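Chain residues, written in single-letter form:
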Amino acid sequence: MRNISPESLESLPSRVAYARDFVNFTDADAQALHAAKPYLAPLVPSVVDTVYVKLFEYTITAQSFVPRQTGYAGEAPASLKDLNLDHPQIKFRKDFLAGYIVKLVTMDYSDMKSWEYLDKVGRMHTGVEDSGFKHRSKKPGLRVEYIHCGLLLGFVEDIVVSAVMQHPELDESTKIAVVRAVNKILWLQNDLFARHYIKENERKERHGGWSEYLLPFIAGAAVVASFHLFR
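Quick caveat: nothing in here was measured; it's all calculated off a predicted structure. (Residues numbered from 1 in each chain as written. Predicted model: local features only at pLDDT ≥ 70, side-chain atom pairs only at ≥ 80, totals over all residues. Heavy atoms only, no water.)

Participant: Could you give an account of the confidence of the model for the protein chain, with specific residues and numbers?
Facilitator: Parts of the prediction with low pLDDT should not have their coordinates interpreted in detail. Taken over all residues, the pLDDT of the protein chain has a mean of 83, while the share at 70 or more is 78%. When pLDDT is averaged over each helix and strand of the protein chain, the minimum, 49, is found for helix 10 (residues 211-230) and the maximum, 97, for helix 1 (residues 12-23). (pLDDT = per-residue confidence, 0-100. Helix = DSSP H or I, 4+ residues; strand = E, 2+ residues; numbered from the N terminus.)

Participant: So what about the packing of aromatic side chains? Which residues, and what values?
Facilitator: With the rule as written, the count across this model stands at 10 aromatic pairs. Each ring, one from Tyr52 and one from Phe56, has its centre 6.0 Å from the other, and the planes form 65°; the classification is edge-to-face. Judged by its relative accessible area of 4%, Tyr52 falls in the buried class. Pairing Tyr146 with Tyr197 gives two aromatic rings, centres 5.4 Å apart and planes at 50°, and the pair type is tilted. Of this pair, Tyr146 sits in helix 7 (residues 146-165) while Tyr197 sits in helix 8 (residues 172-197), and the two are 51 residues apart along the sequence. Residue class for Tyr146 comes out partly exposed when judged on its relative accessible area of 29%. Put simply, the rings of Phe25, Tyr109 and Trp115 touch in pairs and so form one group of aromatic residues. A cation over a ring is seen here: Arg93 above Phe96, with NZ or CZ 4.8 Å from the ring centre. Across from the ring centre of Tyr117, 4.8 Å away, lies the NZ or CZ of Lys103, which sits over that ring. (Phe/Tyr/Trp six-rings, centres within 6.5 Å; stacked < 30°, edge-to-face > 60°. Buried < 20%, exposed > 50% of the residue type's maximum accessible area, 1.4 Å probe, protein only. Lys NZ or Arg CZ within 6 Å of the ring centre and 35° of its normal.)

Participant: Any details on helix 1? Residues and values, ideally.
Facilitator: An α-helix turns once every 3.6 residues. As a result, residues three or four positions apart point the same way. The end-to-end C-alpha separation of helix 1 is 16 Å, in line with the 16 Å expected for 12 residues at 1.5 Å each. Looking only at helix 1, the buried set comprises Leu12, Arg15, Val16, Ala19, Arg20 and Val23. Buried residues along helix 1 cover an arc of 125° about the axis, so they all sit on one side. Positive backbone phi, approximately 60°, marks Asn24, located one or two places after helix 1. (Expected span 1.5 Å × (residues − 1). Arc of directions from axis to C-beta.)

In structure tokens form, the structure reads like this:
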């Protein structure tokens, strides 16, 4: 039995090492993501459009895209009615999401800098002014409630998994490897969102402090298990 202390999980390298080991994110998973790039890259524009169509379905998520976005110098939408996939500000935001998806299938997961990037993605959405990203340096904090971040990751996973499973050029073993890798990396990203939203006093109230780390990974494992049972 390995000894993992709650205190050790405050350190990003220790947390990543534990989380990777827990969900069994291996070098083979990283290789599966890299190998999937030629097949997933052409799908990125349609995936990004689908994500924004979903975000525009609800006022609570769409309203975040009305104010002028950090780094955008053009004309901002005047109201929710102006939001559409072709608005210049939305195209500006779509480029960031597209870049993020591409990173997921190209990053060197043996390099801690890759995990630092994923950690910053989580941190920047909590409203802090110092997210660690240079493009947001000295900019107002960006606050997106955790519920929307978690749900969006789940939505993205469904889109990507469906695209992989329906891809005509991938054999079954490759599809399984890619689906498992995508599932794992998005759950690891989910944890790197959660660590910045969950306060210390909330951790201590949750069944001795362990469930915040364990439950997301159990849910992720359930996705993989259900895939094997019903494919």
